[in-house]
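# Structure at a glance
What follows is each chain in one-letter form.
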Amino acid sequence: MKKMTAMLAAVALTAAACGSDAGSGGAKTLTVFAAASLTESFGALEKKFEAAHAGVDVKIGYDGSSKLAQQINEGAKADVFASADQPNMEKVVKAGRADGQPKVFATNKLTIAVPPGNPKGVKTFADLAKPGVKVVVCAPQVPCGSAEKKVEKATGVAVKAVSEEQDVKAVKAKVQSGDADAGLVYVSDVVSAGGKIDKVDFPEASNAINDYPIAVVKDAPQPDLARQFLDLVFGADGKQELGKVGFGTAS
Amino acid sequence: MPWVLWIPAAVALALVVLPVAGLLTRSDLSRFPELVTSSSSLRALRLSLETAALSTVACVVLGVPLAVVLARSRVRGTRVLRAVVLLPLVLPPVVGGLALLYLLGRKGFLGYVLDAVMGVQVPFTTAAVVIAQTFVAMPFLVVSLEGALRGAGDRYERVASTLGAPPWTVFRRVTVPLLLPALGSGVVLSFARALGEFGATITFAGSLEGETRTLPLEVYNQAEADIDSAVALALLLIVVAVVVIAVARPRSLEGVRA
């Protein structure tokens, strides 16, 4: 038994050693968990950060904010968490996994995504309630869905969706494939689709502006690099890259 | 049996059982009844049972002839077909769903024809759920039947033929009875696979309560907001699966010839 315990301990130690300086040789890894909608802008920021910090490898995991929050709370080794909404950041703060107060770095608002050429001629939010228009939205449990519900409340328009998707990328995919006539997505999603879908902006979208908070994760393996990454996001480069894909940035 | 086999066998069993035990330790059983009897859970459960039953029927109606053809046909190229049938096992379900969407969606070549000729649109309907489940579940049925047929060999069928039985009679009176034991396990396997189907369904059929949101999709949906509720629903899915396997487990699943 003693032998066994010793062996287990040895295995654990090796594993821990491997974990702490993966990719050894003085190289450091900064791990960022970011909402899926940040894929394009944070991808550009990753390159800028690596160019400015020799020997630092930035790894970004993109996923739905709720899944990322859950992983962080389950002990995932991340340095930075950028959420697409406040409630999911709140979960991380409540679990004591955020280092300091999260700060909002960007805002996003809904727009109507339509296939190129807008075959059903959707012009306003109210058009989404017309019969014969196949609309796809996010489920109310996810940020894009709760934003959509807010707009419905503010306008009194009841959208009868043919499907409630689990994330905004799935909504986008169904509009892009042409199987939905319209879908509610974020402005940034249409910009990053690069012409494969068109957007129809509507003024009522201002009823549901989404805040994107960011925070350093508690006990981050690389707290200093994490803070420098936040500086980059809030700096001129960050504003430029976020603005490029349609995010609003805090002035 | 050499006793050493117990060691890997125990590891294998632990791999299956321990995660479920993990699920149990994290679930709040006092809230279980309330969580699983909400109207959305019950609708998802009902939809799951209905669609999985329908797709199992589709698997049998289409899969049995396919297995017989694969096992008995001497046409060249059957070996390639055998590999093709396994594709849904290898494809990630989401890719399978995309493939179905690109075939039967509005812009897919078959979907376009269906829409133009009959005014039928498949995506976002319960029919799409059944098609997605049949797509992923069928290989389980075909593989178990084909294996059984090839294992049994074709001497009984040949004898029946030489005694003057026409092909249809041979199929009915000899081939099908030979298949029955394997059919039991094939049906259970494909029903179980259909019940747990997630990726192809959400990609091809979407997710809407009462229409296309089956129990696995409801679990995923709940996991976004309320993980306790998702765990409770996942347990419900496990209970349903275990009950189905236990009730339907014919002697055939244990390899006993009827």
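Residues numbered from 1 in each chain as written. Chains lettered and ligands numbered in written order. Predicted model: local features only at pLDDT ≥ 70, side-chain atom pairs only at ≥ 80, totals over all residues.

Attention now goes to the overall build of chain B. Counting its regular elements, chain B contains 13 helices and 0 strands. Each helix (α) and strand (β) of chain B, taken in turn from the N terminus, gives the series α-α-α-α-α-α-α-α-α-α-α-α-α. Taken over the C-alpha atoms alone, chain B extends approximately 65 × 65 × 25 Å along its principal axes. Buried positions account for 38% of the 258 residues belonging to chain B. The long-range fraction of contacts in chain B, counting pairs at least 24 apart against all pairs at least 6 apart in sequence, stands at 75%. (Helix = DSSP H or I, 4+ residues; strand = E, 2+ residues; numbered from the N terminus. Buried ≥ 20, exposed ≤ 12 C-beta atoms within 10 Å, placed from the backbone. Contact = placed C-beta atoms within 7 Å.)

Once that is clear, we can look at the environment of Thr-107 of chain A. All names here are of chain A. Along the polypeptide, Thr-107 turns up in strand β4 (residues 98–108). Taking the C-alpha atoms as reference points, Thr-107 and Asn-210, 103 residues apart in sequence, are found 5.4 Å from one another. Setting aside its immediate chain neighbours within four residues, Thr-107 contacts Ile-209, Asn-210, Asp-211, Tyr-212, Phe-247 and Gly-248.

Right, let's get into the UniProt feature "transmembrane region" (unreviewed entry) in chain B. Residue and element names in this part refer to chain B. UniProt's entry tags residues 51–71, 83–104, 124–149, 170–192 and 230–248 with the feature "transmembrane region" (unreviewed entry), counted in the numbering of this structure. Taken end to end, residues 124–149 has its terminal C-alpha atoms 38 Å apart, with 92% of it in helix and 0% in strand. Annotated as residues 170–192, this span is 100% helix and 0% strand, and its ends, taken at the C-alpha atoms, are 31 Å apart. (UniProt positions renumbered as here; feature names shortened; annotations may be inferred.)

Looking now at the interface of chain A and chain B. The interface is formed by 14 residues belonging to chain A together with 14 residues belonging to chain B. Per-element tally for the side of chain A that touches chain B: the top contributor is strand β7 (residues 163–165) of chain A, with 3 residues. Its residues placed into classes, the side of chain A that touches chain B shows 5 nonpolar, 6 polar and 3 charged. (Nonpolar A, V, L, I, M, F, W, Y, C, P; charged D, E, K, R; others polar.)

Position of Val-17 of chain B relative to the elements: it lies in helix α1 (residues 6–25). For the pair Val-17 of chain B and Ile-227 of chain B, spaced 210 residues apart in the sequence, the C-alpha separation amounts to 21 Å.

Let's shift gears to the sheet that holds strand β8 (residues 182–186) of chain A. Residue and element names in this part refer to chain A. One open sheet holds the 5 strands; their spatial order is β7-β6-β8-β5-β9, and the pairing between them is mixed. Since the sheet does not close on itself, it has two edges, and those belong to β7 and β9 (198–200), each with one partner. Geometrically, the sheet is characterised by an average inter-axis angle of 35 degrees between neighbouring strands, direction not taken into account. Where strand β5 (residues 110–114) lies against β9, 3 bridges are found, and the strand directions are antiparallel. Looking across to β9, one finds that Val-114 is bridged to Asp-198. Contacting β5, β6 (135–138), β7 and β8, helix α5 (residues 143–155) crosses the sheet at an angle of about 115 degrees to β6. (Pairing = 2+ DSSP bridges. Axes fitted to C-alpha atoms, helices over the stretch in contact; angles between N-to-C directions.)

All names here are of chain A. The predicted model of chain A averages 87 in pLDDT, with 89% of residues at 70 or higher. Of all secondary-structure elements in chain A, the lowest mean pLDDT belongs to helix α1 (residues 2–20), at 50, while strand β3 (residues 80–82) reaches the highest, 96. For the stretch residues 13–25, pLDDT sits under 50, and the model shows 3 contacts to residues farther than four places along the chain or on other chains. (pLDDT = per-residue confidence, 0-100.)

Time to look at the nonpolar core. Counting 75 residues, the largest nonpolar core has Val-135, Val-171 and Ala-182 of chain A together with Ala-132 and Leu-145 of chain B as the members making the most contacts within it. Of all the elements, helix α8 (residues 126–152) of chain B adds the most residues to this core, at 16 residues. Those residues in contact with Ala-132 of chain B, other than ones at most four positions away along the chain, are Gly-97, Leu-100, Glu-197, Ala-200, Thr-201, Phe-204 and Ala-205 of chain B. Ranked by size, the runner-up nonpolar core spans 37 residues in total, among them Ala-84, Val-216, Ala-226 and Leu-230 of chain A. (Core = buried A, V, L, I, M, F, W, Y, C linked by C-beta atoms within 7 Å.)

As a further point, take the sheet that holds β4 of chain A. All names here are of chain A. Pairing within the open sheet is mixed, and its 5 strands lie in the order β2-β1-β3-β10-β4. Of all strands in the sheet, those with a lone pairing partner are β2 (56–63) and β4, marking the two edges. In this sheet, adjacent strand axes meet at a mean angle of 20 degrees when their direction is disregarded. For β3 and strand β10 (residues 210–217), the ladder comprises 3 bridges, and the chain directions are antiparallel. Residue pairing across strands places Val-80 opposite Val-216, the latter belonging to β10.

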